[in-house]
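One-letter residues, chain by chain:
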Amino acid sequence: MVQFFLESDRVAEFVTHLMKRKPVYAPHRKGRKSYSFERTRDAAGVVLDYPRVMQSVKKFFLPPREQLLSFDLGDNTCRAGEVEPLDAIFLGVHSYDLAAVGRLDHNFSEGRAERNYLTRRQGALWVGVSYEPDEYHFAGSVGIDPYDTEGFDIFLTRLLDGYVLEVLTPAGESLLEGFDLPAHEAGKPAKKHFQQHIYVPQDRLNEVMSASYNNPVWEETALGCVGCGTCNLVCPTCYCFNVEENVDITVTKGSRDRHWDGCMLREFSEVAGGEVFRETLAARQRHRVMRKFKYISEKTGQPWCVGCGRCTAYCTAGISIVNIVNRCISDYEKSTVSAIR
Ligand code: SF4
Ligand code: SF4
């Protein structure tokens, strides 16, 4: 692996170089405290030192709303929505967000492959950047380090005055062609420590979550939860959607549209006849957390949470997924100890 040094003063020049190769999507500042992944038009607007973006890069591959097909009885046609490969460079991606893309790739490829997501995913190149864990990140507890380079073509590790730039794939090497950088000989900085932790690894968590179905934590959490669904909508590994048929007032043409949905919303579990099979907030909260740490994990061996901390950081009611899981762990441990006695 080849390592170079990219001075902070040359970051905009580096971004401009990448923009000549392909469209670049990168974090930009939004307002005073927020950051958002956007198509880069001006290299000076790219921010590489940021805690998290509210919406991960998922939004480019699975847009919040999209047309799946349209029909017109007038000319008796039905057309699938236009979908193109994005064929772009995603710059400044944190390791947990690329891990989340890997989870979505699995979800959309397994069984009958989903055309729109997989088409848009084609041609993506990944330039990662390390980050400083804040009070919400807990990616270390799900095995994703801030310096984890897996899946990236180029990775930037932050130093005081610039970045160690590692070229990790032939595609990354080709992206750097024509951009001269000095070699970096010294090592990388010491590992960052997370402030938030889940106290057991996933292989034990399956057992803990299996024993937590009737834990009082679901009812207790529901007392504060307002059922707004923000935790689903900001999650980079949530992929549930609703499909609507929208018919023109003439009833001769219309479209089939898909939009994001989430299990914390009451209507999500409403079925024909008006029945809601997860009526209580406690049942919905349990389902959300079990989807991250049990239901999919039992099949794949991996947590379906990447520890980004978004659901806690943006929760309207200050509910922490780490606190919920740790409560399940501590109650489970107490119950196993008392069973031995
Ligand atoms: S964001 Fe918080 S308040 Fe809203 S549904 Fe999720 S847990 Fe409940
Ligand atoms: S469950 Fe929460 S912490 Fe885990 S990936 Fe989703 S938003 Fe991030």
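Residues numbered from 1 in each chain as written. Chains lettered and ligands numbered in written order. Predicted model: local features only at pLDDT ≥ 70, side-chain atom pairs only at ≥ 80, totals over all residues.

(A) A look at the overall build of the chain. Across its full length, the chain holds 12 helices and 11 strands. Relative to its length of 341 residues, the chain is compact, with a C-alpha radius of gyration of 22 Å against a globular reference of 20 Å. Projected onto its principal axes, the C-alpha positions of the chain cover 75 × 65 × 40 Å. Buried residues in the chain amount to 35% of all 341 residues. Taking the contacts inside the chain whose residues are at least 6 apart along the sequence as the reference set, 71% of them involve residues at least 24 apart. (Helix = DSSP H or I, 4+ residues; strand = E, 2+ residues; numbered from the N terminus. Rg over C-alpha atoms; globule rule 2.2 N^0.38 Å. Buried ≥ 20, exposed ≤ 12 C-beta atoms within 10 Å, placed from the backbone. Contact = placed C-beta atoms within 7 Å.)

(B) Broad picture of the site of ligand 1. In the neighbourhood of ligand 1, the contacting residues comprise Cys 225, Val 226, Gly 227, Cys 228, Gly 229, Thr 230, Cys 231, Met 264, Cys 315, Thr 316, Ala 317 and Ile 319. Its residues assigned to classes, the shell around ligand 1 shows 8 nonpolar, 4 polar and no charged. (Near = placed C-beta within 6 Å. Nonpolar A, V, L, I, M, F, W, Y, C, P; charged D, E, K, R; others polar.)

(C) The arrangement of the site of ligand 2 in detail. Taken together, 13 residues form the shell around ligand 2, and within it Cys 235, Cys 305, Cys 308, Arg 310 and Cys 311 come nearest. In terms of residue class, the shell around ligand 2 is built from 8 nonpolar, 3 polar and 2 charged.

(D) Here's a closer look at the sheet that holds strand S4 (residues 65–72). In spatial order, the strands read S5-S4-S11-S10; together these 4 strands make up an open sheet with antiparallel pairing. Edge positions in the sheet fall to strand S5 (77–80) and strand S10 (241–247), since each of these pairs with one other strand and no more. Averaged over neighbouring strand pairs, the angle between their axes works out to 20° when direction is ignored. Two strands pair when backbone bridges link them, and S4 and strand S11 (residues 253–260) are joined in this way by 7 bridges, in the antiparallel orientation. Note on S11: the bridge partner recorded for Arg 65 is His 259. (Pairing = 2+ DSSP bridges. Axes fitted to C-alpha atoms, helices over the stretch in contact; angles between N-to-C directions.)

(E) Spotlight on the sheet that holds strand S6 (residues 89–93). With mixed pairing, 7 strands are arranged side by side in an open sheet as S1-S9-S8-S7-S6-S2-S3. Looking at which strands have only one partner, the edges of the open sheet turn out to be strand S1 (2–7) and strand S3 (34–39). Taking the axes of each pair of neighbouring strands and ignoring which way they run, one obtains an average angle of 25° across the sheet. Looking at chain direction, S1 and strand S9 (residues 162–167) are connected through 6 bridges and run antiparallel. Each residue of the ladder has a partner; that of Val 2, found in S9, is Val 167.

(F) How the structure looks around the domain arrangement of the chain. Taken as a whole, the chain is organised into domain 1 (2–62 + 81–176) and domain 2 (202–340). With centres defined by C-alpha atoms, the gap from domain 1 to domain 2 works out at 26 Å. At the junction of the two partners, domain 1 supplies 21 residues and domain 2 supplies 17 residues. In terms of residues, the side of domain 1 that touches domain 2 owes the most to one element, helix H3 (residues 95–109), which gives 8 residues. Each residue belonging to the side of domain 1 that touches domain 2 can be placed in one class, and the counts come to 11 nonpolar, 6 polar and 4 charged. (Domains from an automatic or database assignment.)

(G) Up close: the packing of helix H6 (residues 202–210) against helix H9 (residues 281–295). Axis separation between H6 and H9 bottoms out at 9 Å; the angle between their running directions is 135°. The pairing of H6 with H9 is recorded here as oblique in orientation. Each of Leu 205, Asn 206, Met 209 and Ser 210 in H6 lies in contact with H9, whose residues at this interface are Met 290, Phe 293 and Lys 294. Among the residues forming the contact of H6 with H9, the class breakdown is 4 nonpolar, 2 polar and 1 charged. (Parallel < 35°, antiparallel > 145°, perpendicular 65-115°, else oblique.)

(H) Seen up close, H3. Spanning 15 residues, H3 covers 21 Å between terminal C-alpha atoms, matching the ideal 21 Å at 1.5 Å per step. All of the buried residues along H3 are Ser 95, Tyr 96, Asp 97, Leu 98, Ala 99, Ala 100, Val 101, Arg 103 and Leu 104. Those residues of H3 that are buried lie in contact with helix H2 (58–61), S6 and strand S7 (125–129). Once H3 finishes, Gly 111 follows within two positions and takes phi at roughly 70°, a positive value. (Expected span 1.5 Å × (residues − 1).)

(I) Inspection of the nonpolar core at higher detail. Grouped together as the largest cluster of nonpolar side chains are 74 residues, with contacts concentrated most on Phe 90, Leu 91 and Val 306. Both domain 1 (2–62 + 81–176) and domain 2 (202–340) contribute no fewer than three residues apiece to this core. For Leu 91, the residues in contact, after removing those within four places along its chain, are Val 15, Leu 18, Val 24, Tyr 25, Ala 26, Val 46 and Val 127. (Core = buried A, V, L, I, M, F, W, Y, C linked by C-beta atoms within 7 Å.)

(J) Focus on the environment of Gln 3. Inspection of the secondary structure assignment puts Gln 3 in strand S1. Each C-alpha atom of the pair Gln 3 and Gly 187 lies 9.7 Å from the other, and the pair is 184 residues apart in sequence.

(K) Structural detail: unusual backbone geometry. Even without being glycine, Asp 87 reaches a positive phi, approximately 45°. Tracing the backbone through its elements, the reader meets Asp 87 in the loop between S5 and S6. One non-glycine residue, Val 251, lies in positive phi territory at about 55°. Counting through the fold element by element, Val 251 comes out in the loop between S10 and S11.

(L) Seen up close, helix H7 (residues 217–224). Every buried residue of H7 is accounted for by Val 217, Trp 218 and Thr 221. The buried residues of H7 occupy one face: seen down the axis, they fall within an arc of 95°. (Arc of directions from axis to C-beta.)

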